[in-house]
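Notes for the structure review
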Amino acid sequence: MHIVYYCRHCKSFLGSIDSSTISLEALGLTSLTEQEISDIIEYHDEDQTTYVKTVCEYCETALKQNPALYLTNSPIQ
Ligand SMILES: [Zn+2]
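Residues numbered from 1 in each chain as written. Predicted model: local features only at pLDDT ≥ 70, side-chain atom pairs only at ≥ 80, totals over all residues. Heavy atoms only, no water.

**Here's the deal with the overall build of the protein**
The secondary structure content of the protein amounts to four helices and four strands. Ordered by position from N to C terminus, the α and β elements of the protein give β-β-α-α-β-β-α-α. Across the 77 residues in the protein, those meeting the buried criterion constitute 26%. A separation of at least 24 residues holds for 43% of the contacts in the protein among residues at least 6 apart in sequence. Total accessible area on the protein stands at roughly 5,700 Å², and carbon and sulfur atoms take up 53% of it. (Helix = DSSP H or I, 4+ residues; strand = E, 2+ residues; numbered from the N terminus. Buried < 20%, exposed > 50% of the residue type's maximum accessible area, 1.4 Å probe, protein only. Contact = heavy atoms within 4.5 Å. Areas by Shrake-Rupley, 256 points an atom, 1.4 Å probe, with all protein chains shown as cover.)

**Details of the environment of Leu-29**
Relative to the elements of secondary structure, Leu-29 occurs in the loop between helix H1 (24-27) and helix H2 (34-40). Its relative accessible area of 8% is what places Leu-29 among the buried residues.

**Here's the deal with the coordination of the zinc ion**
A four-donor tetrahedral metal ideally has 109.5 degree angles, and a six-donor octahedral metal ideally has angles of 90 or 180 degrees. All of the protein donors around the zinc ion are Cys-7 (SG), Cys-10 (SG), Cys-56 (SG) and Cys-59 (SG); their distances to the metal are 2.2 to 2.3 Å. What the four donor atoms of the zinc ion show is an angle range of 107 to 113 degrees at the metal, which sorts the shape as tetrahedral. (Donors = N, O, S within 2.8 Å, 3.2 Å for Na, K, Ca; no water. Tetrahedral: all angles 85-135°; square planar, octahedral: opposite > 155°, others 65-115°.)

**Quick notes on unusual backbone geometry**
Its identity as a non-glycine residue notwithstanding, Lys-11 has a phi of 65 degrees, on the positive side. Assignment of secondary structure puts Lys-11 in the loop between strand E1 (2-7) and strand E2 (13-18). In this structure Lys-11 comes out as exposed when scored by relative accessible area, which is 54%. Of note, Gln-48 is a non-glycine position whose phi angle comes to about 50 degrees, a positive value. Tracing the sequence through the fold places Gln-48 in the loop between strand E3 (41-44) and strand E4 (49-54). Given a relative accessible area of 55%, Gln-48 falls into the exposed group.

**Quick word on the sheet that holds E4**
Pairing is mixed across the open sheet formed by four strands, whose spatial order is E2-E1-E4-E3. In the strand order of this sheet, the two ends are held by E2 and E3, each with one partner. Mean inter-strand twist for the sheet, computed between neighbouring axes without regard to direction, equals 20 degrees. Here E1 pairs with E2 via five bridges, running antiparallel. Following the sheet pairing, Val-4 is matched in E2 by Ser-16. (Pairing = 2+ DSSP bridges. Axes fitted to C-alpha atoms, helices over the stretch in contact; angles between N-to-C directions.)

In structure tokens form, the structure reads like this:
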């Protein structure tokens, strides 16, 4: 399985993992609810890649300094 992490705000690539044995435990996602998991994880059949939406350091800092950014820039799907 190929897993790609990217920032949900600026869409920058943050890293990737290749593993045949990766699990939710390994990703540190077991504390999330099913709703949260389906919100941050997207599986794309065509390239057999799992995309994990997270927040990069830059956006995290920006959001901490100005939480209103989160409301205005957060895409509504
Ligand atoms: Zn970002």
